[in-house]
Amino acid sequence: MLIGVVGAPNKGKSTFFSAATLVDAQIANYPFTTITANRGVTYVRSPCPHVALGLKGCNPKNSKCANGVRLVPVGIVDVAGLVPGAHEGRGLGNKFLDDLRQADALIQVIDASGMTDLQGNPAQGADLWEEVRFLEEEIALWLVGIMERGAGRAGGLREAAASLSGLKISEELLRAAAGDCGLEISDGLPKNMDGLCLLAKAVLRRRMPIVVACNKMDVEGAEKNFAAFAQKAQQEGKKAFACSAAVELALRKAAEKGIIDYVPGGKEFKIVGAPSQPQQEALERMAAFLKKHGGSGVQQIIDWIVYHKLRAIVVYPVEDEHRFSNHKGEVLPDAFLVRQGTTAKQLAFMVHSELAQKFIGAIDVKRHIRVGADHVLEDGDVIKVLASH
Ligand SMILES: Nc1nc2c(ncn2[C@@H]2O[C@H](COP(=O)(O)OP(=O)(O)OP(=O)(O)O)[C@@H](O)[C@H]2O)c(=O)[nH]1
Ligand SMILES: [Mg+2]
């Protein structure tokens, strides 16, 4: 799975990315700091089954376990800021959106303090909705460009879909998206820009949903703006998230240095090192922020996208159902993020294609039952695949 971090310049995208990954990305208070994409790995949280199974611990290989919370890896990419008119080449243009081709969902970082405009320059009372609308529009126009070039003059649907295949958009998805917005496309792409844009937005909603992160919530005035924004979002059936990427980044760095004990996404932390006086004061401010907001918001947004928007669950393939381990005796070594509805045989494919070819069944290790190929997996399942010799 891959999450893209997008938005206008200077909103805190790279700060969000760094907070989520602890990769050192360039962060600065001016537009277009990021020019080439930053890539990294972040994690979603899930209760580690070793706790419910009464085991002393586990030996994660592809993931981590922190105090009984399994941290499962998810790819994340931070791209350059996008400005209105980017599809016509303004700012850095929108060619860098190619970096998002593989993304499953996007996080749009906006500045809830309202102190930066759409170009990323200092402002007062910036319109947050305008920011949300423009981004969807620009990304939709990027898709329109790809579709139009592919479809050619005849506007063929198959050709349009072929040009979108690198974005994992099929003809079937195009048809379904057209159905979502009541467009008739049996004889090809819509002929006018309004229709094309409508179609592109519907495609985007299915293929790459955008979740808005109202960032810089630690700045004075942001809360009031967020309250108004969230109310409007609710009326439109959308969810709005508040966060402070700066707080999350500072906490993770302090944890890395051994100053505090902090599990990403936590509502609190414990001071375990010896902070200096200014550090102590900053930590107190951050503790108050976490208490007020129930966390920094960064991890909550990532978890929500993966589990709710992308409907993922975590499953744990093992080779030894008695020791919950692989053949080396490593306990619960792998945590796989899969879509809801994934079957036992599909999991076998993800582990190894040969395992799927020789698939004869699977064991639901927690429930001690044998299941068949079409058995639908549940979140937290521990599964042993049975294969013929
Ligand atoms: N107070 C506060 N400042 C923040 C927060 N997140 C980011 N910033 C500041 O906002 C400025 C821009 O941050 P970046 O992460 O570089 O923003 P960006 O969106 O990646 O910017 P571009 O790469 O230029 O598009 C920096 O001065 C950050 O320190 C936050 O949560 N709170
Ligand atoms: Mg940046």
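You'll find the structure just up there.
In what follows, the accompanying structure is described. (Residues numbered from 1 in each chain as written. Chains lettered and ligands numbered in written order. Predicted model: local features only at pLDDT ≥ 70, side-chain atom pairs only at ≥ 80, totals over all residues. Heavy atoms only, no water.)

**Observations concerning empty space enclosed by the protein**
Here is step 1: Scanning the model with the defined rule gives one cavity of 30 Å³ or more in all.
Here is step 2: In this structure, the largest cavity spans a volume of roughly 30 Å³.
Here is step 3: What lines the largest cavity is Trp142, Leu143, Leu167, Ile169, Leu204, Arg207 and Met208.
Here is step 4: Elements represented by at least two residues in the lining of the largest cavity include exactly helix H3 (128–151) and helix H6 (193–207). (1 Å grid on protein atoms, 1.4 Å probe; cavity = no way out; pocket = protein on both sides within 12 Å on 5 of 7 lines; lining within 4 Å. Points joined across faces, edges and corners; volume = space filled by probe spheres on them. Helix = DSSP H or I, 4+ residues; strand = E, 2+ residues; numbered from the N terminus.)

**Here's the deal with the sheet that holds strand S10 (residues 312–318)**
Here is step 1: The strand order across the open sheet formed by five strands is S11-S10-S14-S12-S13, and the pairing between neighbours is mixed. Only two strands of the sheet have a single neighbouring strand rather than two, namely strand S11 (336–339) and strand S13 (369–371). Across the sheet, the axes of successive neighbouring strands diverge by a mean angle of 40°, strand direction being ignored. (Pairing = 2+ DSSP bridges. Axes fitted to C-alpha atoms, helices over the stretch in contact; angles between N-to-C directions.)

**Some remarks on the pairing of strand S6 (residues 210–215)**
Regular strands place side chains that alternate from one sheet face to the opposite one.
Here is step 1: Burial runs high along S6: five of the six residues are buried.
Here is step 2: Pairing between strand S5 (residues 105–111) and S6: six bridges, direction parallel. Following the sheet pairing, glutamine 108 is matched in S6 by valine 212.
Here is step 3: Where S6 and strand S7 (residues 240–242) come together, three bridges link them in parallel fashion. When the sheet's bridge partners are listed, cysteine 214 is paired in S7 with alanine 242.
Here is step 4: Read from S6 through helix H7 (residues 222–235) to S7, the crossover connection turns out right-handed. (Buried < 20%, exposed > 50% of the residue type's maximum accessible area, 1.4 Å probe, protein only. Right-handed = clockwise from strand over helix to strand, strands pointing away.)

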